[in-house]
Amino acid sequence: MSSQPTQSFSQRLIAWQKQHGRHDLPWQVADPYRVWLSEIMLQQTQVATVRDYYPRFVAAFPDVAALAAAEQDAVLALWAGLGYYSRARNLHKAAQQIISDFNGEFPQQRSQLEQLCGVGRSTAAAIAAFAFQQRETILDGNVKRVLCRVFALDGNPADKTFEKQLWALAESLLPAQADDMPAYTQGLMDLGATVCKRSRPDCAVCPMADICQAKAQNRTAELPRKKTAAAVAEMPLFWLQLRNAQGQILLHKRPQRGIWAGLYCLPCFDSADEMHRFAEKAGVAGAVRTDTPFSHRLTHRLLQIQPFAADLPDDSALPWADGVWVNPQDLRDYALPKPLMRYLGEAVRQADLFG
(Lines give C-alpha, C1' and ligand atoms only; values in the text may rest on other atoms or scores of the structure.)
Protein backbone atom coordinates (compact mmCIF):
# COMPACT_ATOMS: atom_id res chain seq x y z
CA MET A 1 0.00 0.00 0.00
CA SER A 2 1.53 3.32 -1.04
CA SER A 3 1.72 6.16 1.44
CA GLN A 4 0.44 8.83 -1.00
CA PRO A 5 -3.24 7.75 -0.95
CA THR A 6 -3.08 7.41 2.82
CA GLN A 7 -1.64 10.89 3.32
CA SER A 8 -4.18 12.68 1.12
CA PHE A 9 -7.29 10.62 1.96
CA SER A 10 -8.68 12.69 4.84
CA GLN A 11 -8.01 16.08 3.22
CA ARG A 12 -9.69 15.00 -0.02
CA LEU A 13 -12.66 13.58 1.84
CA ILE A 14 -13.23 16.62 4.05
CA ALA A 15 -13.03 19.03 1.10
CA TRP A 16 -15.41 16.87 -0.94
CA GLN A 17 -17.92 16.53 1.90
CA LYS A 18 -18.05 20.26 2.52
CA GLN A 19 -18.79 20.93 -1.14
CA HIS A 20 -20.76 17.85 -2.27
CA GLY A 21 -21.82 15.92 0.83
CA ARG A 22 -25.17 15.82 2.59
CA HIS A 23 -25.89 18.84 4.82
CA ASP A 24 -29.66 18.75 5.22
CA LEU A 25 -30.13 15.71 7.44
CA PRO A 26 -32.18 16.59 10.55
CA TRP A 27 -29.78 14.77 12.88
CA GLN A 28 -26.71 16.74 11.77
CA VAL A 29 -26.44 18.45 15.13
CA ALA A 30 -24.03 18.37 18.06
CA ASP A 31 -26.64 16.99 20.48
CA PRO A 32 -25.35 13.51 21.45
CA TYR A 33 -28.88 12.25 22.15
CA ARG A 34 -30.06 13.05 18.64
CA VAL A 35 -26.87 11.75 17.05
CA TRP A 36 -27.20 8.49 19.01
CA LEU A 37 -30.86 8.14 18.08
CA SER A 38 -30.13 8.64 14.38
CA GLU A 39 -27.21 6.21 14.41
CA ILE A 40 -29.37 3.47 15.92
CA MET A 41 -32.22 4.15 13.47
CA LEU A 42 -29.83 4.13 10.50
CA GLN A 43 -28.57 0.63 11.28
CA GLN A 44 -29.95 -1.63 8.51
CA THR A 45 -32.31 1.18 7.41
CA GLN A 46 -32.27 3.65 4.52
CA VAL A 47 -31.88 7.38 5.19
CA ALA A 48 -35.19 8.12 3.45
CA THR A 49 -37.06 5.85 5.87
CA VAL A 50 -35.35 7.30 8.94
CA ARG A 51 -36.21 10.83 7.79
CA ASP A 52 -39.86 9.89 8.30
CA TYR A 53 -39.50 8.23 11.72
CA TYR A 54 -36.87 10.46 13.32
CA PRO A 55 -38.92 13.69 13.78
CA ARG A 56 -41.89 11.82 15.27
CA PHE A 57 -39.61 10.02 17.72
CA VAL A 58 -37.85 13.25 18.76
CA ALA A 59 -41.19 15.01 19.18
CA ALA A 60 -42.40 12.26 21.54
CA PHE A 61 -39.08 11.85 23.39
CA PRO A 62 -37.14 15.13 23.06
CA ASP A 63 -34.29 14.09 25.35
CA VAL A 64 -32.76 11.06 27.00
CA ALA A 65 -34.69 11.58 30.24
CA ALA A 66 -38.02 11.50 28.41
CA LEU A 67 -37.04 8.32 26.60
CA ALA A 68 -35.84 6.65 29.79
CA ALA A 69 -39.11 7.48 31.57
CA ALA A 70 -41.31 6.18 28.75
CA GLU A 71 -43.10 2.84 28.76
CA GLN A 72 -41.61 0.25 26.42
CA ASP A 73 -44.95 -0.06 24.62
CA ALA A 74 -44.84 3.65 23.74
CA VAL A 75 -41.30 3.32 22.36
CA LEU A 76 -42.16 0.24 20.31
CA ALA A 77 -45.35 1.85 18.97
CA LEU A 78 -43.33 4.74 17.51
CA TRP A 79 -40.80 2.26 16.11
CA ALA A 80 -43.51 0.10 14.48
CA GLY A 81 -42.69 -0.59 10.83
CA LEU A 82 -39.02 0.35 11.15
CA GLY A 83 -38.00 -3.27 11.77
CA TYR A 84 -35.19 -4.84 13.80
CA TYR A 85 -37.12 -4.15 16.99
CA SER A 86 -34.25 -5.15 19.27
CA ARG A 87 -32.83 -1.71 18.37
CA ALA A 88 -35.82 0.00 20.00
CA ARG A 89 -35.65 -2.19 23.10
CA ASN A 90 -31.91 -1.56 23.44
CA LEU A 91 -32.43 2.17 22.85
CA HIS A 92 -34.89 2.28 25.74
CA LYS A 93 -32.55 0.30 28.02
CA ALA A 94 -29.58 2.47 27.07
CA ALA A 95 -31.51 5.64 27.93
CA GLN A 96 -32.16 4.18 31.37
CA GLN A 97 -28.45 3.31 31.66
CA ILE A 98 -27.51 6.92 30.94
CA ILE A 99 -29.83 8.09 33.72
CA SER A 100 -28.71 5.47 36.26
CA ASP A 101 -25.02 4.97 35.41
CA PHE A 102 -23.99 8.38 34.02
CA ASN A 103 -26.18 10.73 36.09
CA GLY A 104 -28.23 11.61 33.04
CA GLU A 105 -25.19 12.98 31.16
CA PHE A 106 -24.29 11.47 27.83
CA PRO A 107 -20.85 9.78 28.03
CA GLN A 108 -18.25 11.36 25.73
CA GLN A 109 -15.62 8.65 25.39
CA ARG A 110 -16.00 5.77 22.94
CA SER A 111 -15.16 3.21 25.65
CA GLN A 112 -18.01 4.54 27.79
CA LEU A 113 -20.44 4.76 24.89
CA GLU A 114 -19.76 1.10 24.11
CA GLN A 115 -21.17 0.22 27.53
CA LEU A 116 -24.65 1.27 26.37
CA CYS A 117 -27.06 -1.42 25.20
CA GLY A 118 -27.03 -1.76 21.44
CA VAL A 119 -23.96 0.43 20.88
CA GLY A 120 -20.98 -1.23 19.21
CA ARG A 121 -17.59 0.20 18.38
CA SER A 122 -18.55 1.90 15.12
CA THR A 123 -21.74 3.45 16.50
CA ALA A 124 -19.88 4.66 19.59
CA ALA A 125 -17.21 6.19 17.37
CA ALA A 126 -19.83 8.01 15.28
CA ILE A 127 -21.41 9.56 18.38
CA ALA A 128 -18.02 10.55 19.78
CA ALA A 129 -16.92 12.08 16.47
CA PHE A 130 -20.12 13.99 15.67
CA ALA A 131 -21.12 15.16 19.13
CA PHE A 132 -17.75 15.53 20.85
CA GLN A 133 -15.23 15.81 17.96
CA GLN A 134 -13.31 12.83 19.25
CA ARG A 135 -10.74 11.30 16.87
CA GLU A 136 -12.49 7.97 16.55
CA THR A 137 -13.13 6.08 13.34
CA ILE A 138 -16.29 4.42 12.15
CA LEU A 139 -16.22 1.18 10.15
CA ASP A 140 -19.66 0.26 8.84
CA GLY A 141 -20.40 -1.51 5.57
CA ASN A 142 -20.12 1.65 3.48
CA VAL A 143 -16.74 2.53 4.96
CA LYS A 144 -15.40 -0.99 4.47
CA ARG A 145 -16.39 -0.79 0.79
CA VAL A 146 -14.60 2.55 0.33
CA LEU A 147 -11.42 1.33 2.02
CA CYS A 148 -11.34 -1.99 0.19
CA ARG A 149 -11.61 -0.18 -3.14
CA VAL A 150 -9.35 2.82 -2.59
CA PHE A 151 -6.59 0.63 -1.14
CA ALA A 152 -7.36 -2.58 -3.12
CA LEU A 153 -7.75 -4.69 -0.01
CA ASP A 154 -8.97 -8.21 -0.75
CA GLY A 155 -10.04 -10.37 2.16
CA ASN A 156 -12.82 -12.45 3.57
CA PRO A 157 -15.35 -10.01 5.13
CA ALA A 158 -16.15 -12.59 7.81
CA ASP A 159 -12.50 -13.01 8.81
CA LYS A 160 -11.60 -11.28 12.09
CA THR A 161 -7.98 -10.77 11.05
CA PHE A 162 -9.05 -8.94 7.90
CA GLU A 163 -11.51 -6.82 9.90
CA LYS A 164 -8.73 -5.94 12.32
CA GLN A 165 -6.65 -4.82 9.33
CA LEU A 166 -9.49 -2.56 8.18
CA TRP A 167 -9.84 -1.03 11.65
CA ALA A 168 -6.10 -0.29 11.74
CA LEU A 169 -6.22 1.34 8.31
CA ALA A 170 -9.31 3.38 9.22
CA GLU A 171 -7.59 4.68 12.36
CA SER A 172 -4.48 5.63 10.38
CA LEU A 173 -6.56 7.79 8.02
CA LEU A 174 -8.10 10.07 10.68
CA PRO A 175 -7.51 13.79 10.21
CA ALA A 176 -5.06 15.45 12.56
CA GLN A 177 -7.46 18.19 13.66
CA ALA A 178 -10.28 17.16 15.99
CA ASP A 179 -12.61 19.86 14.67
CA ASP A 180 -12.51 18.14 11.24
CA MET A 181 -14.05 15.00 12.66
CA PRO A 182 -17.75 15.76 11.96
CA ALA A 183 -17.08 16.58 8.28
CA TYR A 184 -14.69 13.65 7.89
CA THR A 185 -17.06 11.13 9.47
CA GLN A 186 -20.03 12.43 7.48
CA GLY A 187 -17.84 12.28 4.38
CA LEU A 188 -17.14 8.59 4.93
CA MET A 189 -20.86 7.94 5.20
CA ASP A 190 -21.74 10.12 2.21
CA LEU A 191 -19.06 8.74 -0.08
CA GLY A 192 -20.10 5.14 0.50
CA ALA A 193 -23.83 5.85 0.32
CA THR A 194 -23.95 8.17 -2.70
CA VAL A 195 -20.82 7.62 -4.83
CA CYS A 196 -18.88 4.45 -3.99
CA LYS A 197 -22.04 2.36 -4.07
CA ARG A 198 -22.14 -1.42 -4.00
CA SER A 199 -23.20 -1.64 -7.63
CA ARG A 200 -22.58 0.94 -10.36
CA PRO A 201 -20.27 3.24 -8.36
CA ASP A 202 -20.02 6.75 -9.81
CA CYS A 203 -16.24 6.86 -10.20
CA ALA A 204 -16.41 9.93 -12.44
CA VAL A 205 -17.34 12.17 -9.50
CA CYS A 206 -15.40 10.37 -6.77
CA PRO A 207 -12.76 12.49 -5.00
CA MET A 208 -10.58 9.38 -4.70
CA ALA A 209 -10.76 8.38 -8.38
CA ASP A 210 -7.13 9.18 -9.22
CA ILE A 211 -5.74 7.38 -6.16
CA CYS A 212 -8.22 4.46 -6.10
CA GLN A 213 -6.22 1.29 -6.57
CA ALA A 214 -9.29 -0.85 -7.35
CA LYS A 215 -10.15 1.52 -10.21
CA ALA A 216 -6.59 1.46 -11.47
CA GLN A 217 -6.59 -2.36 -11.36
CA ASN A 218 -10.09 -2.62 -12.86
CA ARG A 219 -11.30 -4.44 -9.71
CA THR A 220 -14.09 -2.09 -8.61
CA ALA A 221 -16.79 -4.71 -9.22
CA GLU A 222 -14.73 -7.38 -7.46
CA LEU A 223 -13.97 -5.47 -4.26
CA PRO A 224 -14.95 -5.77 -1.53
CA ARG A 225 -15.44 -9.50 -1.67
CA LYS A 226 -19.06 -10.43 -1.12
CA LYS A 227 -20.14 -12.23 2.01
CA THR A 228 -21.35 -15.78 1.68
CA ALA A 229 -25.12 -15.67 1.74
CA ALA A 230 -26.54 -17.03 4.99
CA ALA A 231 -28.94 -19.93 4.76
CA VAL A 232 -32.57 -18.91 5.12
CA ALA A 233 -34.76 -21.28 7.09
CA GLU A 234 -38.50 -21.40 6.52
CA MET A 235 -40.68 -20.98 9.60
CA PRO A 236 -44.43 -21.69 9.54
CA LEU A 237 -46.72 -19.47 11.63
CA PHE A 238 -50.48 -19.63 12.07
CA TRP A 239 -52.49 -16.55 13.05
CA LEU A 240 -56.05 -16.34 14.27
CA GLN A 241 -57.84 -13.04 13.82
CA LEU A 242 -60.67 -12.97 16.35
CA ARG A 243 -63.29 -10.21 16.23
CA ASN A 244 -65.95 -9.61 18.86
CA ALA A 245 -69.48 -8.31 18.37
CA GLN A 246 -68.21 -4.69 18.40
CA GLY A 247 -65.76 -5.41 15.57
CA GLN A 248 -62.75 -5.21 17.88
CA ILE A 249 -59.71 -7.35 17.14
CA LEU A 250 -57.94 -9.46 19.74
CA LEU A 251 -54.24 -8.72 20.19
CA HIS A 252 -51.77 -10.05 22.71
CA LYS A 253 -48.31 -8.91 23.68
CA ARG A 254 -45.56 -11.27 22.61
CA PRO A 255 -42.83 -12.45 25.01
CA GLN A 256 -39.67 -10.38 25.46
CA ARG A 257 -37.65 -13.00 23.58
CA GLY A 258 -37.95 -14.37 20.07
CA ILE A 259 -39.29 -12.74 16.92
CA TRP A 260 -41.30 -9.55 17.40
CA ALA A 261 -40.40 -9.53 21.10
CA GLY A 262 -42.56 -7.10 23.06
CA LEU A 263 -44.80 -6.28 20.09
CA TYR A 264 -48.55 -6.87 19.86
CA CYS A 265 -49.73 -9.60 17.55
CA LEU A 266 -52.73 -11.76 16.77
CA PRO A 267 -52.82 -15.07 18.64
CA CYS A 268 -49.92 -16.85 16.95
CA PHE A 269 -49.22 -20.59 16.80
CA ASP A 270 -46.57 -22.98 15.53
CA SER A 271 -49.08 -25.39 14.00
CA ALA A 272 -52.62 -25.44 12.63
CA ASP A 273 -53.56 -28.05 15.23
CA GLU A 274 -52.49 -25.70 18.03
CA MET A 275 -54.55 -22.90 16.47
CA HIS A 276 -57.64 -25.10 16.19
CA ARG A 277 -57.33 -26.19 19.83
CA PHE A 278 -57.25 -22.54 20.84
CA ALA A 279 -60.27 -21.81 18.62
CA GLU A 280 -62.14 -24.61 20.32
CA LYS A 281 -61.44 -23.14 23.77
CA ALA A 282 -62.63 -19.76 22.48
CA GLY A 283 -65.87 -21.34 21.27
CA VAL A 284 -65.35 -20.57 17.58
CA ALA A 285 -64.08 -23.92 16.28
CA GLY A 286 -66.89 -24.21 13.77
CA ALA A 287 -66.60 -20.63 12.54
CA VAL A 288 -62.91 -20.46 11.61
CA ARG A 289 -62.25 -19.19 8.08
CA THR A 290 -58.99 -19.63 6.18
CA ASP A 291 -57.42 -16.47 4.78
CA THR A 292 -54.86 -16.21 2.00
CA PRO A 293 -51.38 -17.32 3.14
CA PHE A 294 -48.36 -15.08 2.56
CA SER A 295 -44.64 -14.97 3.32
CA HIS A 296 -42.46 -12.43 5.09
CA ARG A 297 -38.67 -12.34 5.01
CA LEU A 298 -36.64 -11.70 8.15
CA THR A 299 -32.86 -11.56 8.06
CA HIS A 300 -32.26 -15.31 8.29
CA ARG A 301 -35.80 -16.66 8.21
CA LEU A 302 -38.65 -16.81 5.76
CA LEU A 303 -41.93 -16.76 7.62
CA GLN A 304 -44.73 -18.71 5.94
CA ILE A 305 -47.82 -17.21 7.54
CA GLN A 306 -51.23 -18.84 7.34
CA PRO A 307 -53.92 -16.55 8.76
CA PHE A 308 -57.32 -17.68 9.96
CA ALA A 309 -60.27 -15.56 11.08
CA ALA A 310 -63.36 -16.03 13.23
CA ASP A 311 -66.08 -13.95 14.87
CA LEU A 312 -67.01 -14.40 18.51
CA PRO A 313 -70.77 -14.79 18.84
CA ASP A 314 -71.01 -12.68 22.00
CA ASP A 315 -68.96 -10.71 24.51
CA SER A 316 -67.33 -13.73 26.05
CA ALA A 317 -64.29 -13.49 28.28
CA LEU A 318 -60.91 -12.89 26.70
CA PRO A 319 -59.55 -16.27 25.52
CA TRP A 320 -55.98 -15.11 26.19
CA ALA A 321 -54.68 -14.04 29.61
CA ASP A 322 -52.73 -11.05 28.29
CA GLY A 323 -55.11 -10.25 25.45
CA VAL A 324 -56.66 -6.90 24.66
CA TRP A 325 -59.55 -5.96 22.37
CA VAL A 326 -58.57 -3.14 20.03
CA ASN A 327 -60.76 -0.98 17.81
CA PRO A 328 -59.47 -1.02 14.20
CA GLN A 329 -59.00 2.75 14.22
CA ASP A 330 -56.76 2.40 17.30
CA LEU A 331 -54.38 -0.16 15.78
CA ARG A 332 -51.85 2.59 14.99
CA ASP A 333 -51.41 3.10 18.74
CA TYR A 334 -49.97 -0.40 19.14
CA ALA A 335 -46.56 -1.66 18.08
CA LEU A 336 -47.40 -4.28 15.47
CA PRO A 337 -45.05 -6.35 13.30
CA LYS A 338 -44.88 -5.03 9.75
CA PRO A 339 -46.54 -8.09 8.13
CA LEU A 340 -49.40 -7.86 10.64
CA MET A 341 -49.88 -4.16 9.87
CA ARG A 342 -50.27 -5.04 6.19
CA TYR A 343 -52.54 -8.01 6.87
CA LEU A 344 -54.83 -6.19 9.29
CA GLY A 345 -55.00 -3.20 7.01
CA GLU A 346 -56.37 -5.40 4.24
CA ALA A 347 -58.61 -7.39 6.60
CA VAL A 348 -60.06 -4.22 8.08
CA ARG A 349 -60.75 -2.79 4.64
CA GLN A 350 -62.48 -5.99 3.54
CA ALA A 351 -64.66 -6.03 6.64
CA ASP A 352 -65.43 -2.30 6.17
CA LEU A 353 -64.60 -1.73 9.81
CA PHE A 354 -63.28 1.75 9.18
CA GLY A 355 -66.51 2.88 7.59
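Residues numbered from 1 in each chain as written. Predicted model: local features only at pLDDT ≥ 70, side-chain atom pairs only at ≥ 80, totals over all residues. Heavy atoms only, no water.

## Quick look at the overall build of the chain
A count of helical and extended segments in the chain gives 14 helices and 8 strands. Burial status across the chain gives 48% buried among its 355 residues. For the chain, the exposed surface amounts to about 17,400 Å²; the carbon and sulfur share of it is 48%. (Helix = DSSP H or I, 4+ residues; strand = E, 2+ residues; numbered from the N terminus. Buried < 20%, exposed > 50% of the residue type's maximum accessible area, 1.4 Å probe, protein only. Areas by Shrake-Rupley, 256 points an atom, 1.4 Å probe, with all protein chains shown as cover.)

## A word on the UniProt feature "domain: HhH-GPD" (unreviewed entry) in the chain
Residues given the UniProt feature "domain: HhH-GPD" (unreviewed entry) here are residues 41-194. Along residues 41-194 the backbone is 64% helical and 0% strand, and the end-to-end C-alpha distance reaches 19 Å. (UniProt positions renumbered as here; feature names shortened; annotations may be inferred.)

## Here we look at the domain arrangement of the chain
When the domains of the chain are assigned, the result is domain 1 (9-138 + 177-193) and domain 2 (233-353). Just the C-alpha atoms count here: the centres of domain 1 and domain 2 sit 34 Å apart. Each side of the interface is counted separately: domain 1 has 9 residues, and domain 2 has 14 residues. A combined buried area of about 870 Å² lies between domain 1 and domain 2, and 50% of that area is made up of carbon and sulfur atoms. When residues of domain 1 are sorted by the area they lose upon contact with domain 2, Asp73, Tyr85 and Arg89 head the list and together hold 44% of the total. Taken together, domain 1 and domain 2 are joined by 1 salt bridge. Measuring nitrogen to oxygen at the nearest pair gives 2.5 Å for the salt bridge that ties Lys253 to Asp73. Viewed at the interface, domain 2 and domain 1 are joined by 7 residue pairs in polar contact (both at pLDDT 80 or more). (Domains from an automatic or database assignment. Contact = heavy atoms within 4.5 Å. Buried area = accessible area lost by both parts, 1.4 Å probe. Salt bridge = Lys/Arg side-chain N within 4 Å of Asp/Glu carboxyl O. Polar contact = N/O pair within 3.5 Å; in protein donor to acceptor, adjacent residues only side chain to side chain.)

## Here's the deal with the state of the cysteines
Taken as a whole, this structure holds 0 disulfides when the rule is applied. You can see Cys148 has no disulfide; the closest cysteine sulfur is in Cys196, sitting 9.6 Å from it. Looking at Cys148, the relative accessible area reads 2%, which means it is buried. The closest cysteine sulfur to the non-disulfide-bonded Cys265 is located on Cys268, 5.0 Å from its own sulfur. When its relative accessible area of 0% is taken as the criterion, Cys265 is described as buried. (Disulfide = S-S within 2.5 Å.)

## Some thoughts on the packing of aromatic side chains
Inspection of every chain in the model, using the stated rule, returns 13 aromatic pairs. With a centroid separation of 5.9 Å and an interplanar angle of 40°, the aromatic rings of Phe9 and Phe151 are classed as tilted. Of the two residues, Phe9 is situated in helix 1 (residues 3-20) and Phe151 in the loop between helix 9 (141-150) and helix 10 (160-172); the sequence distance between them amounts to 142 residues. Both residues of the pair, Phe9 and Phe151, count as buried. When the ring centre of Trp167 is taken as reference, the NZ or CZ atom of Arg121 above it lies at 3.7 Å. (Phe/Tyr/Trp six-rings, centres within 6.5 Å; stacked < 30°, edge-to-face > 60°. Lys NZ or Arg CZ within 6 Å of the ring centre and 35° of its normal.)

## Points about the pairing of strand 7 (residues 301-311)
Of the strand pairs in this sheet, strand 1 (residues 233-243) and strand 7 are connected by 11 bridges, and their pairing is parallel. The partner of Trp239 across the bridge, within strand 7, is Pro307. Examined bridge by bridge, strand 5 (residues 289-290) and strand 7 share 2 bridges and lie antiparallel to one another. Residue pairing across strands places Arg289 opposite Ala309, the latter belonging to strand 7. (Pairing = 2+ DSSP bridges.)

## Concerning the side chain of Thr45
On the secondary structure map, Thr45 appears in the loop between helix 2 (32-41) and helix 3 (47-60). A polar contact of 3.1 Å, which involves the side chain of Thr45, links it to the side chain of Arg87. Once you skip the residues sitting within four places of it in the chain, Thr45 turns out to touch Val50, Leu82 and Arg87.

## Brief notes about the pattern of salt bridges
Counted by the stated rule, this structure contains 16 salt bridges. With a closest N to O distance of 3.2 Å, Lys144 and Glu163 form a salt bridge. Of this pair, Lys144 sits in helix 9 while Glu163 sits in helix 10, placing them 19 residues apart in sequence. Residue class for Glu163 comes out partly exposed when judged on its relative accessible area of 23%. Through salt bridges with shared partners, one network takes in Asp154, Arg219, Glu222 and Arg225.

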